[in-house]
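The primary structure of each chain is shown beneath.
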Amino acid sequence: MTYDEVVFGRRSIRGYLRKPVPRALIREVIEMAMRAPSSLNTQPWNFHVVTGEPLDRIRAGNTERNLAGVPHSREFRIHGEYAGDHRERQIGIAKQLFAAMGIERHDAAARQDWVLRGFRQFDAPVAIVVTYDRSIHGGDIAPFDCGAVANALVNAAWSRGLGCVINSQGIMQSPVVREHAGIPEDQVIMICIAMGWPDESFPANAVVSTRKAVDDAVTFVGFED
Ligand SMILES: Cc1cc2nc3c(=O)[nH]c(=O)nc-3n(C[C@H](O)[C@H](O)[C@H](O)COP(=O)(O)O)c2cc1C
């Protein structure tokens with residue numbers, strides 16, 4: 001695949017085949033991802049690749065706690081509700097996904113089902129929990145570096161035919177993840193990436209998310225043309 005094919009072709013995948021992903025392939029994808037740049041080349045990231053029974057325990061723990069109304073707990077600062085353009089875009093992708101899945105606006109049960117699917121890591125065969133070293137917790141640069149490596153990882157996976165969805169849902173109940181993935185206390189849980197072979201018949205996998213116009217994002221300074 002060319003770079004263009006990867007970048008323009010990649011989509012978040014939220015439905016997977018029940019087919020295991022070879023450990024060697026995951027390793028290869030992570031090795032590619034780890035070519036990502038990082039501040040001062042600190043490479044603060046760690047990857048906990050979870051499958052099988054431990055992942056099922058995480059799915060069960062996430063589901064149970066969310067159904068019980070346990071407040072979400074993440075290990076880094078989060079902002080409040082989105083507003084304005086950000087809220088519009090949040091609603092936009094939700095509408096696209098719900099339309100693809102045939103979920104009606106007022107169908108509370110179907111919506112809840114979809115949310116719980118996220119907390120189960122979309123039933124993916126693999127979940128990769130990205131953490132960073134606690135020794136540099138408190139600044140914003142380590143989360144930035146984790147973002148760079150996460151993007152590199154989903155693109156590397158796509159180039160090998162694998163689908164992913166980076167997701168906060170998987171780590172919103174971070175104590176569950178920490179316990180069942182055995183994540184040491186000297187690491188901060190940042191994000192989760194569900195991974196597996198895309199199920200081409202799963203409607204949401206066909207959704208192509210929109211992007212704001214380049215001219216709305218870019219300011220050119222000092223150009224003469
Ligand atoms: C930090 C982060 C958190 C995300 N959390 C979720 C999530 O919890 N559930 C979900 O379905 N998608 C999640 N996504 C996927 C985004 O919705 C998706 O990347 C965005 O809509 C653009 O779509 P695309 O990845 O198909 O291009 C997350 C993405 C990022 C980068």
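Cut-offs used in this document
Along each chain, residues carry numbers from 1 onward, in the same order as the chain's sequence is written. The model is predicted, so local features are restricted to residues of pLDDT at least 70 and side-chain atom pairs to those at 80 or more, both for listing and for counting; the totals for chains, interfaces and linings are taken over all residues. Processing note: side-chain calculations cover all non-hydrogen atoms of the structure and skip hydrogens and water entirely. Throughout, an axis means a line fitted to C-alpha atoms (over the contacting stretch in the case of helices), and angles, computed between N-to-C directions, take values from 0 to 180 degrees. Only runs of H or I of at least four residues qualify as helices and only runs of E of at least two qualify as strands under DSSP, and these elements are numbered from the N terminus. Relative orientations are named as follows: roughly parallel for angles under 35 degrees, roughly antiparallel for angles over 145 degrees, roughly perpendicular for angles from 65 to 115 degrees, and oblique for any other angle. Each crossing gets its hand from how the near helix is turned against the far one by less than a right angle, where anticlockwise is left-handed and clockwise is right-handed. Contacts are residue-level and defined by heavy atoms, with any inter-residue pair within 4.5 Å sufficient. Under this grouping Gly is polar, as are all residues other than the nonpolar Ala, Val, Leu, Ile, Met, Phe, Trp, Tyr, Cys and Pro and the charged Asp, Glu, Lys and Arg. Any Lys or Arg side-chain nitrogen found within 4 Å of a carboxyl oxygen on Asp or Glu counts as a salt bridge. Any residue under 20% of the maximum accessible area for its type is buried, any over 50% is exposed, and the rest in between are partly exposed; the area is computed with a 1.4 Å probe on protein chains only. Here the aromatic set is Phe, Tyr and Trp, taking the six-membered ring for Trp, and pairing holds for ring centres within 6.5 Å; pairs whose planes are under 30 degrees apart are stacked, those over 60 apart are edge-to-face, and all others are tilted. When DSSP finds two or more bridges between two strands, those strands count as paired.

Caption draft 1: Local environment of the packing of helix H3 (residues 52-67) against helix H7 (residues 174-181). One can describe the packing of H3 onto H7 by two numbers: an axis separation of 9 Å at closest approach and a directional angle of 160°. When the interaxial angle is binned, H3 and H7 end up roughly antiparallel. Between H3 and H7 lies a crossing whose hand is right-handed. On H7, the residues that touch Pro54, Arg57, Ile58, Gly61, Asn62 and Arg65 of H3 are Pro175, Val176, Val177, His180 and Ala181.

Caption draft 2: Region of interest: the packing of helix H2 (residues 23-33) against helix H6 (residues 141-159). Between H2 and H6, the least distance of the axes is 8 Å, while the angle of their chain directions is 135°. Looking at the two axes, H2 sits oblique to H6. In the packing of H2 onto H6, the handedness of the crossing is right-handed. In this structure, H2 contributes Val29, Ile30, Met32 and Ala33 to the contact, and H6 contributes Val149, Ala152, Leu153, Ala156, Ala157 and Ser159. Here the residues of the contact of H2 with H6 are counted per class, giving 9 nonpolar, 1 polar and no charged.

Caption draft 3: Focus on the pattern of salt bridges. Using the criterion set out here, one finds 7 salt bridges in the structure. Linking arginine 77 and aspartate 140 is a salt bridge whose minimum nitrogen-to-oxygen distance equals 2.4 Å. Within this pair, whereas arginine 77 is found in the loop between H3 and helix H4 (84-101), its partner aspartate 140 is found in the loop between strand E2 (126-133) and H6, the two being separated by 63 residues in sequence. Taking relative accessible area as the criterion, aspartate 140 reaches 53% and is therefore assigned exposed. A salt bridge links arginine 117 to aspartate 123; the nearest nitrogen and oxygen atoms lie 4.0 Å apart. Here arginine 117 falls in the buried class, since its relative accessible area comes to 16%.

Caption draft 4: Representation of the packing of aromatic side chains within the structure. The full count for this structure, using the stated rule, is 3 aromatic pairs. Note on tryptophan 114 and phenylalanine 202: the rings are 6.3 Å apart at their centroids and 10° apart in plane angle, and the pair reads as stacked. Separated by 88 residues along the polypeptide, tryptophan 114 in helix H5 (residues 108-119) and phenylalanine 202 in the loop between strand E4 (187-196) and helix H8 (214-217) bring together distant segments of the chain. A residue is classified by how much of its surface remains accessible, and tryptophan 114, at 11% relative accessible area, is buried. Taking the relative accessible area as the measure of exposure, phenylalanine 202 reaches 12% and is therefore buried. Here phenylalanine 220 and phenylalanine 223 contribute two aromatic rings whose centre-to-centre distance is 5.2 Å and whose plane-to-plane angle is 80°, an arrangement assigned as edge-to-face. Phenylalanine 223 carries the same exposure label as phenylalanine 220, and that label is exposed. Connected via pairs of aromatic rings, a cluster forms that spans Trp114, Phe122 and Phe202.

Caption draft 5: A look at the environment of proline 20. Within the secondary structure layout, proline 20 lies in the loop between helix H1 (3-9) and H2. On the basis of relative accessibility, which here comes to 65%, the residue proline 20 falls in the exposed class. Spatially, the C-alpha atoms of proline 20 and glycine 52 are 9.4 Å apart, while their sequence positions differ by 32 residues.

Caption draft 6: The sheet that holds strand E1 (residues 45-51), seen in detail. The antiparallel open sheet is built from 4 strands, whose spatial order is E1-E2-E4-E3. At either margin of the open sheet sits one strand with a lone partner, and together these are E1 and strand E3 (163-167). Taken pair by pair, the neighbouring strands of this sheet meet at an average axis angle of 25°, ignoring direction. In terms of strand pairing, E1 meets E2 through 7 bridges, oriented antiparallel. Of the residues in E2, the one forming a bridge with threonine 51 is valine 126.

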